[in-house]
Each structure stands twice: as C-alpha cells, then as structure tokens.
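Residue strings, one per chain:
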Amino acid sequence: MHNNRSNSVYRGVAAATFMMAATSMVWADFMLEEVVVTAQKREQNLQDVGITVTALDQEAMSRAGIQDISRIELVTPGVSYGFIGSDAKIAIRGANSNNTFADNSSIAGFFADGVYRPRASQQSQAYFDVARLEILKGPQGTLYGRNTFAGAINLHTNAPDTEAVGGGVDVTVARFNKVRTEGYVNAPISDTFALRFAGVLETSDGWIRNSGSGGRLGVDDDANFRISALWLPTDNVEVIARYTSISEKGTTPGIFAAEGLCRPVAANGLTDVFGRSVDCQNPSPGAAGVDSLFNNPNEVNYDVSNDRDNSEDNVTLEVNWELGSVALKSISSYTDFESALAFDGDFSGNPGYPYYWDDAAESYTQELQLSSAGDGAFKWTTGLYYSVDEIAFGFSQFRTASYAPRTATAADLNGVEFELQSATALIDPFGRDDFSDFADFQEIETTTQGVFFQGEVSVTDTLRLIAGIRYNKEEKETDTFSGASVPGTGQFGLNARPIDVFVYTLDPERSATRSFEDTTWRAGIEWDANDNILLYANASTGFLSGGVNSDGSAFESQESLAYEAGIKSRWLDDSVQFNAAIYMNEFTNLTTQELIVLSGESITRTVNGGAVDTTGLEIELVWLPTDNLIVNLNASFMDNEYGEFGAANPFQLNNGIDASTPAGGNGFLDLEGETPPWAPELTLSLSAGYDFDLGDNGRLTPFIQLYYSDDYNTDDIVVYSTQVQDSFTKTDFRLIWTSLDEQWTVSAYIENIEDEEVLARTNVGGNDLVQGSYQYPQNYGIKMGYSF
C-alpha cells in the first residue's frame, strides 16, 4: 500500500465521510479516492498514515453541515463536543477539555494553516473557504508539541492559485432568522502571483429565548474575511501570505453556562452530592425568589444583556523551498485575539449582578521544518519551534447598580454616576449584605521553545519503523492585579467592561515565574500486508502545559501515554473501505478546579487531581454497493474511568453528612472508578446517500445521517444526578440538487429531527448553583450556492 499509492493529488475525504468524484463525463459517481493529508507534516495518502486521522474536504463538510467545530462528533468516532460561552470543550478518547478557564488549555491543539491558537474560544470560530479539516486522535507531542495531549485539529484554508479566475458564493437561510453568506474570489495576477479573497457574514436572532429585558442569547452578528497571496519567485520557492480578520459580536450563551439547572438535595433540603431529590429553585442571593425558568432548556429570564465581542487579527507567512534532496518550510505568524463577554450572574430577571469575562492573547510564533524529499528508504522531518503568548484575562462581579444608600431607580441601572458613601463602606441599595465589586485580572507571558525529529526507515519494501522525539521548554511569568473602584470617579455603568471600569493594582504576592520542561516521543511500526492493507502499531506521549493560578500557585503539566494498533484497508475493487483501531490511553497528573477564599472573595483555581485510564475500539466503514449509492458507518466503543482522582465537593453534604467534617470527607470527593465527562461507552453514526440522475436537469441526492450516543457525564464532579446526559439519537436529512454543469446547488435540510435537548456542559458555581448549556436545538433551512 505504502509504495503503490500516489500522493500527487488531493480530492476526497476520509473513511468517515464521502464525496463524489468527477469522471470523464459531466455526471459524477461516488468513488473512494486518495486523500492527501499533512498530519505528519509532510504529504501522505491518508490510507498510508499509521495513526488515526479523519480528514474532511469542503464538500464533505458541507454534506455533514459542518460550519464550525460544534458538529464534529457526528463525523468522527471517539470525539465529543461541548461548550461554555465561547469556549469549545473537545473530548477525544476519554480525555476532556472541561477545564479551559484562566491558564488552562484544550486537550486538543487547534492549528489554523499550521499556526497554534492558545485559547479555547479560538477553537469555536466559524470555518470559511476551507480546503480540508484533519482530526488527529492520540497524543501528538512529537511533531506538534504542547497541548496536543489527546490529539490535534488542523484547519487548512484554500490557497490562491495561478491557473484561472474563479469564485463562488453560498447563502444559507435557516431557523432563528439565521442568514449566512460565504464567498470567495480567486484572481491570478500573473503566472507567478495570485490573490484570493474569502469571507463570511452571519446574523441570527439567537436560539435561547429570554423573557427578561436582556434580550435573546446566542445572537450572531459576525463578519470574517481573509486575504491570501501566492508568489512563485522561482520554480522551487513558494510564498503564501494570509491575513485573516475575525469579528464575532451579538450575545453569548453565558460565560460559565447559559442557564441554571436543578440541584441535588437531601431529605432536609440541603444540597447533597448524592442527593436523591432535586431543587429547581434559583439559589442565587440576587434572584430574590424570582422564577428564573430553571430546568427549561433554551429559555431564561435575564435582565443583563449577554453581550459578546470577540475579535482576532492574524498574519501568517509561509515559505516552502525545495532544496534538492530536502525541503524547507518556514511558518511565521502574529495573532491578536480579544474576547469580552457579559452575563447575568444571578440567573434571574432581578436588576443588578452582572458578570464580566475579558480574555486576550497576543501571539508570535515561528516554526522551521526541514524534511527529506523523494521516496528514499529513510524519510525524516526535523524542526525548531518558538513562540511568545502574552495572555491576559479577568473576571469581575458587580452585584448592584449603585453605591448610594438609597433605593435604586431605573436611571441607576442605565449607567448614571456611581456614588461612594465613604472610602471603606460600600452600600447596597437593594438591601442585600452580599455586595461585591470583586475584580481580578491576570497577565501571563508564556515563552515556548521546542526542537523535534521524526524518522521513518524502510526495513523492507513492506515494513517500516518510525521513531520521533521532541524537547519542550516553557517559561511562564504571571502578574495578578486586583481591581478597585476609585471614589468620586463615577460615570460608568453596568454594561461597561471591567477593564474600563476598574483601576487595577498589581499584587506582588500573587506574581510568579514558573518553568516547565517535557520530552515527548513516538515509536511505531507499519506493515503493508498487500497493496490495499496497512497494519500498524504505535506508542506516543503528549502533555498539557503546566500553569499558574491568579494566587501565584502553580499546577504541573498533565501527561498522556497512548498505545494504538490498527488496520487501514480497501476491498472488493475499492468499493469497501474498512479502517479500525484499538487503543489504550493513560492520562496522569490531570487537573481539577477548586474554590478558595481570597481577600474575602471566592475564586477558582486549578490543582492536579489524578489519573484516567481508557481503552477503546473505533471503526470506520464506507461501502459503495453501486456507483450511485454510498453507506457509511462509524462506531466507537470506549471503557473510560478515573484512576486515583479527587475533586472538591461543591455541595454542602456528602451522603447526608456535612461535607466539611471528616465524616463527610472534608469536602473531598474520591472519584476513583467513576466515568469522566464526555465519555459515552458507545456512539454510532450511520449515513447514506443516493444519486438520482435527472439527465439535463442535473442530479438529486437525498442524504440521511443518524447518530446515537450512550449516556455520559457533563461535569468533572460526575456523581450528582442532574449533570448526566441520557442516551439520545439525532437524525439529519438533506436533499441536494446539483446542476448538470455543477455550478449551481440548492439543498434543503433539517438537523436534529428529534429536537433532542442535549447538555453540552455543566458545572457548579457559588451558592451551590448548578449551571449548564445545551447544544444547538433542531435546525432547518435552505442553502443555495453558485460557483464559476
């Protein structure tokens, strides 16, 4: 297989999906074509890569309704998706990204055109003008480095070409008054220079209803574009420059969650982690008994507008230079990312109590790769990596609208001057004794250095050995600032961002410098049983960066060790593709979150909590019974459980006993043997499509996709009942018409026909408040496209 498949062309999809490939006629049939990926930082046929990779091209993504990361679990086994606010929560093979708050990273590194994005909210951005999406499963610490603990996601956008003028536009009109317009133009300027312009505009009314004055949640008001340039100064040098601008406004479905959920309680009404009853009343002090529509998915009663303002500017310069027997690649990049979110902190329609979260990252990256060229017996890739990430984030609470000792008026809530009774006494006009102007802002500068090497040697024509190693070093310098309002400097209101409202003061006692070093490796073997069957086995390691909390304390790097064996094969004259992998993962030094009291306020910090062990089997099958029919099956079987793992109990009781006492565990929960979040034992995905030939009128393709998931947990504290997502199914249907010349397409679709309400993520905040978010509900619409 390895030596008999061409890597010169790329058009197709992985085993988990399908495409239609043009023949010599205008009509197109379903075919299994070769898919060229760069998962191992050199071009390879996907069926020749001895690791598990799902690759989707633009057509496959369109058929699966993938416009961002939120539907990725439907097309690749062993992957689950959740979110809070703007943060994507990716889980791969039993490792999860539940903790991406503050100085924490996703377990899956996200790379756009080879450039790492450090914040989890950067993973949720809309895709547009995409060439392919690659999902790599298993640790990728050798070639990719930090924060590829459980895998990596590679997004490759279309580069300009010098062949011909071309362009296209897609317009989607969907539920919740969503309108999405995506387009591109490719413009050759000369035989050696070309430009490409691409962009997407998206607006919607939001999918979470709000009976309060704050407006709907999940509103889209996005405008993203990219300008790319290709320059070919010589026959062996290629230069690609990209500038991408992301602007995502509207409203967010929360900072930590979209809405409140029911709490587990004991017979005496106190919250109990193992409570058999539930309390669906709002426990927030600011709620004052207001019915906040708890436990009603996608419906809230909030007075605060959940404003969202996410922006990103990125410049990337890629240089490829063929130097005879070797190839040099340089990727230089600068990214400026900012996110500002607001949320109703008491989960009610009562005035006051907004939350604010500000997040920013300024990143400089440089990677140099040197690779062997040609098909020699020894192939290798080596490189150097350097980056500086200047990250800043802050969380603030305003539990009242005025400092004046009088009854608040509507004018106070709209941003009149704040008054201070004295330098030490802050008065709550609503008569509550829980007033807070808490504001914490942390800055972290992370310098990362890496050097790596991976080689592949052909022992025989059919047997190859692979080995790689990477040295990683990180240094983190952190400063924490406490915000305090200044007497007499009013003229700021509830909707102002905290960094504009507060004067922040450096707290030297909460500043620190920490260094982390990790060496990661990979070893593997590949054997071509014949031209169409590859057998492989490998072992690899990865890590998640250690970090520093806002109180200056540190948590150590999390580590992973994975073993995998698999088969990639094609049968029956390329009408069947069968890929399967078994794996065993050991995740150690995992982190968890705990609440501590600092300067009279509760803050969340990260601590190392224990281990997780996972074994599993994944199957991807594509069957072409006829040229017009394709059937696809994905399956994941996973056994996942905590090893020695502990977490702080967020509730008052533990099995009816005061959790703060030794009998109650001193607030400590032993979760050994429990199942971590986002780890269903079984998921199945079945899809099928059939082409009807309409002659001169083109073709009509009905496409159905079925998805099933076992029940799973949605919080690190996995033992309370209201965080469990029951088993569910989702069914999508698309009817696609394509013109004879393939320039026009029209598709009507409905997603999640069952209208399943699926928990995306839950967590426990102050006052034992259980809060959560739901995945996107049933959606339907029409998409029209034209290309030339």
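Residues numbered from 1 in each chain as written. Predicted model: local features only at pLDDT ≥ 70, side-chain atom pairs only at ≥ 80, totals over all residues. Heavy atoms only, no water.

Another aspect to go through is the state of the cysteines. For the structure on display, the rule yields one disulfide. Residue pairing for Cys262: its cysteine sulfur links by disulfide to Cys280, the two sulfurs lying 1.9 Å apart. Judged by the sign of its S-S torsion, about 100°, the bond between Cys262 and Cys280 is right-handed. Here Cys262 is found in the loop between β19 (259-260) and β20 (263-265), whereas its partner Cys280 is found in the loop between β21 (277-279) and β22 (299-300), with 18 residues between them in sequence. By relative accessible area, Cys262 is classed as buried at 5%. (Disulfide = S-S within 2.5 Å. Helix = DSSP H or I, 4+ residues; strand = E, 2+ residues; numbered from the N terminus. Buried < 20%, exposed > 50% of the residue type's maximum accessible area, 1.4 Å probe, protein only.)

This part is about the pattern of salt bridges. Per the counting criterion, the structure on display carries 31 salt bridges. The partner of Glu456 in a salt bridge is Arg42, and the shortest N-O contact between them spans 2.8 Å. Pair noted here: Glu456 is in strand β27 (residues 439-458) and Arg42 is in the loop between β3 (36-37) and β4 (44-45), with a separation of 414 residues, a long-range link. Judged by its relative accessible area of 3%, Glu456 falls in the buried class. For Arg42, a relative accessible area of 18% puts it in the buried group. A salt bridge links Lys137 to Glu618; the shortest N-O distance between them is 3.3 Å. Placement of the pair is Lys137 in strand β11 (residues 130-137) and Glu618 in strand β36 (residues 601-626), with a sequence separation of 481 residues. For Glu618, a relative accessible area of 3% puts it in the buried group. (Salt bridge = Lys/Arg side-chain N within 4 Å of Asp/Glu carboxyl O.)

Any region with low pLDDT has predicted coordinates that should not be read closely. Looking at the chain, pLDDT values average 86 and 87% of them are 70 or higher. Segment residues 401-434: pLDDT under 50, and 59 contacts once partners within four positions in sequence are set aside and those in other chains are kept. (pLDDT = per-residue confidence, 0-100. Contact = heavy atoms within 4.5 Å.)

This next bit is on a negative patch on the surface. A contiguous patch of negative charge on the surface is contributed by Glu586, Asp613, Asp639, Glu641, Glu644, Asp670, Glu672, Glu674, Glu681, Asp711 and Asp726. Looking at the negative patch, the element that brings in the most residues is strand β37 (residues 629-648), giving three residues. Tracing the sequence through the fold places Glu586 in strand β35 (residues 576-598). In this structure Glu586 comes out as partly exposed when scored by relative accessible area, which is 32%. (Patch = residues over 30% accessible without salt bridge, like charges linked within 9 Å, V, L, I, M, F, W, Y side chains within 5 Å. Areas by Shrake-Rupley, 256 points an atom, 1.4 Å probe, with all protein chains shown as cover. Lys, Arg positive; Asp, Glu negative; His and termini not counted. Charge placed at Lys NZ, Arg CZ, Asp CG, Glu CD.)

In this structure, Gly542 sits in strand β31 (residues 533-544). Sequence spacing of Gly542 and Gln140 is 402 residues, and the spatial spacing of their C-alpha atoms is 6.0 Å. Apart from the residues within four sequence positions on either side, Gly542 is in contact with Pro139, Gly141, Phe149, Thr520, Gln558, Glu559 and Ser560.

The next thing to look at is a nonpolar patch on the surface. Taken together, the side chains of Leu633, Phe637, Leu684, Leu686, Ile704, Leu706, Phe733, Leu735 and Ile753 present a nonpolar region at the surface, about 650 Å² in accessible area. Among the secondary structure elements, those contributing two or more residues to the nonpolar patch are β37, β41 (682-690), β43 (699-709) and β46 (728-738). Position of Leu633 relative to the elements: it lies in strand β37.

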